Amino acid sequence: MNCTARIISIYAADVSGVCSALYEYGGMTVIHDASGCNSTYTTHDEPRWYDTESMVYISALTENDAVMGNDEKLITDLCDAAEKLHPRFIAVCGSPMPAMTGVDFEAIAYDTENRTGIPVIAVDTNGMHSYIKGAGAAFMKLAERFSKPHDRLRGTINLLGVTPLDFSLNGSVESMKKWLADCGFTVNACLGTDTSLDEAERLSQAEVSLVVSSCGMKTAEYLQRKYGIPYVVGAPVGERFSRILADSLRAAAESGENSLPCLSERACGGEVAVVGESIISASLACELSLETGRGVRVLESVGESEMSVLAEGDISVDDEDMLQHELKGAKVIIADPLFIPICSADAEFVRLPHEAFSGRCFSKEIPDLINTDVIRKLGLRGKI
């Protein structure tokens, strides 16, 4: 069977992406699925679950309800829960079972909102896609529903695509905000972590958006269409690339044009491979290329990341056998430790855990790469 993972893990699913994206906004997120599946979406993929309260629930879908199409039970439960919990909004999303039975979530959201008077958003998920699709759709729904027109404020930045699935709770978000402040920018809104619904409401007043992971691309494109806000794609990984990224933000604010510095500033190809989500991997590859003068190749392994940042020689490959084949020619591989079993024993493997892939297995190993000496942080001296 093609596209079957026999050895390595798989990435967090789209429903986990929705839960992660909406975790801190005071809403009630409900996944339409069988009882007992909540732990899959929350405790395994959500590092904030034990420290920060959030209203994330499962609908306890039964076999009879699924077969008979008893949507009224879900709507009634949503209304009852909203009356008791008073969420600022309700989000409903689906798993494989309602996808197979053809549940109309838009209709459920419409009916529930009419009964409760609370904003309800339906996020199109089926449990068969990655966290990037789920989080990306949830962020865009948030922007569509809650952003309001504002006058633009000079020097303000929207930080888009920030969730613990890509940026662990290890100080990375704080580092990004500090870096922006040091560059003379003010964070207008940070979607995903250390945030609130008030920030989503003022998205339109930013001068430019910074997309630090693929989860933020749909929102950046929406904000450009709706409010004319340009965006820059790249994460501030390492000092050299961070300087280029800051210059790109200033240029975008001045010109109104989008920018992909993690693509334009990198030497392509080479025997060093970075495996993972495309924007973060391309930013890391660019920093390594700038610092060492060597070509660095990106192997986008999610399958649903932003492809515009991939350069000549890069590839998107989410099939385990194909990925194993592509890794054979690499002398240095930078990836999550769960990729080790499909890597050549002759290659130098550099551990860079990714919580969307290995959960909290290696979370204590995840370095804060924002505006730091990446070569030193990853122990790469003498390796590339």
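The shown structure was predicted, so the numbers you read here are calculated from the model rather than taken from an experiment. (Residues numbered from 1 in each chain as written. Predicted model: local features only at pLDDT ≥ 70, side-chain atom pairs only at ≥ 80, totals over all residues. Heavy atoms only, no water.)

*Asks:* Explain the sheet that holds strand 8 (residues 231–233) residue by residue, including any values.
*Replies:* Strands sit in the order 6-5-7-8 across an open sheet of 4 strands; the sheet is parallel. Looking along the sheet, the strands with just one partner apiece sit at the ends: strand 6 (186–190) and strand 8. The sheet shows a mean angle of 30 degrees between the axes of neighbouring strands, direction not considered. Summarising the sheet, strand 5 (residues 156–160) and strand 6 pair through 4 bridges and their orientation is parallel. Among the inter-strand pairings, L159 is bridged to a residue of strand 6, identified as C190. This element, helix 10 (residues 217–227), spans strand 5, strand 7 (208–211) and strand 8 of the sheet and lies at about 155 degrees to strand 8. (Pairing = 2+ DSSP bridges. Helix = DSSP H or I, 4+ residues; strand = E, 2+ residues; numbered from the N terminus. Axes fitted to C-alpha atoms, helices over the stretch in contact; angles between N-to-C directions. Contact = heavy atoms within 4.5 Å.)

*Asks:* Help me get a handle on the pairing of strand 12 (residues 332–335), residues and values and all.
*Replies:* Residues of strand 12 alternate between two faces, with V332 and I334 on one and I333 and A335 on the opposite face, all of them buried. Sheet topology note: the strand 9 (residues 272–276)/strand 12 ladder contains 3 bridges and is parallel. Paired with V274 across the two strands is I334, which belongs to strand 12. Both strand 12 and strand 13 (residues 348–351) contribute to a ladder of 4 bridges, which runs parallel. Each residue of the ladder has a partner; that of I333, found in strand 13, is F349. (Buried < 20%, exposed > 50% of the residue type's maximum accessible area, 1.4 Å probe, protein only.)

*Asks:* Which residues make up the side chain of S204, and what are the values?
*Replies:* Relative to the assigned elements, S204 resides in the loop between helix 9 (197–201) and strand 7. Within polar-contact distance, the side chain of S204 engages the backbone oxygen of K148 at 2.4 Å. A distance of 3.0 Å separates a polar side-chain atom of S204 from the backbone nitrogen of H150. Not counting residues within four places of it along the chain, the set of residues in contact with S204 comprises K148, P149, H150, R152, Y227 and I229. (Polar contact = N/O pair within 3.5 Å; in protein donor to acceptor, adjacent residues only side chain to side chain.)

*Asks:* Run through helix 8 (residues 172–182), naming residues and quoting values.
*Replies:* Among all positions in helix 8, only S172, V173, M176, W179 and L180 are buried. Burial along helix 8 is one-sided: seen end-on, the buried residues are contained in an arc of 125 degrees. Exposed residues lying more than 90 degrees from the buried face of helix 8 are K178 and D182. Considering only its buried residues, helix 8 is in contact with strand 5, strand 6, strand 7 and helix 11 (239–255). Positive phi shows up at G184, right after helix 8, with a value of about 95 degrees. (Arc of directions from axis to C-beta.)

*Asks:* Summarise the pattern of salt bridges; cite the residues concerned and give the values.
*Replies:* Counted according to the given criterion, the structure contains 20 salt bridges. Here D182 makes a salt bridge to K178, at a shortest N to O gap of 2.9 Å. With D182 and K178 both in helix 8 and 4 residues apart, the pair spans about one turn of that helix. Summarising the burial analysis for this pair, D182 and K178 share the class exposed. The salt bridge partner of R250 is D247, with a shortest N-O separation of 3.0 Å. Of this pair, R250 and D247 both sit in helix 11, 3 residues apart, which is roughly one turn of the helix. A residue is classified by how much of its surface remains accessible, and R250, at 38% relative accessible area, is partly exposed. Here the residues in one salt-bridge network are R6, E320 and D321, joined through shared partners. (Salt bridge = Lys/Arg side-chain N within 4 Å of Asp/Glu carboxyl O.)

*Asks:* Help me get a handle on the environment of L380, residues and values and all.
*Replies:* When you line up the elements, L380 lands in the segment after helix 16 (374–377). You can call L380 buried: its relative accessible area is 0%. Apart from the residues within four sequence positions on either side, L380 is in contact with L288, V332, I334, V350 and I375.

*Asks:* How would you sum up the environment of E113? Please name residues and give values.
*Replies:* Residue position: E113 is located in helix 6 (residues 105–116). For E113, a relative accessible area of 23% puts it in the partly exposed group. Sequence separation between E113 and I90 is 23 residues; the distance between their C-alpha atoms is 8.6 Å. The contacts of E113, once residues within four sequence positions are left out, are I118, P119, V120 and R145.

*Asks:* Explain the packing of helix 4 (residues 71–85) against helix 6 to me, using residue names and the numbers behind them.
*Replies:* The contact between helix 4 and helix 6 brings their axes to 10 Å, and the two run at 40 degrees. One element, helix 4, and the other, helix 6, form an angle in the oblique class. Classified by chirality, the crossing of helix 6 by helix 4 is right-handed. Along its contact with helix 4, which presents D71, E72, L74, I75, T76, L78, C79 and A82, the element helix 6 presents I108, D111, T112, R115 and T116. Looking at side-chain class alone, the contact of helix 4 with helix 6 contains 6 nonpolar, 3 polar and 4 charged residues. (Parallel < 35°, antiparallel > 145°, perpendicular 65-115°, else oblique. Left-handed = near helix turned anticlockwise from the far one by under 90°. Nonpolar A, V, L, I, M, F, W, Y, C, P; charged D, E, K, R; others polar.)

*Asks:* Talk me through the sheet that holds strand 4 (residues 120–123); I want residue IDs and the actual numbers.
*Replies:* Taken in spatial order, the 4 strands line up as 2-1-3-4 in an open sheet, and their pairing is parallel. The open sheet has two free edges, formed respectively by strand 2 (55–58) and strand 4, since each of these has just one partner strand. Pairs of neighbouring strands in the sheet enclose a mean axial angle of 20 degrees, with direction left out of account. Bridge count between strand 1 (residues 28–32) and strand 3 (residues 90–94): 5 bridges; the pairing is parallel.

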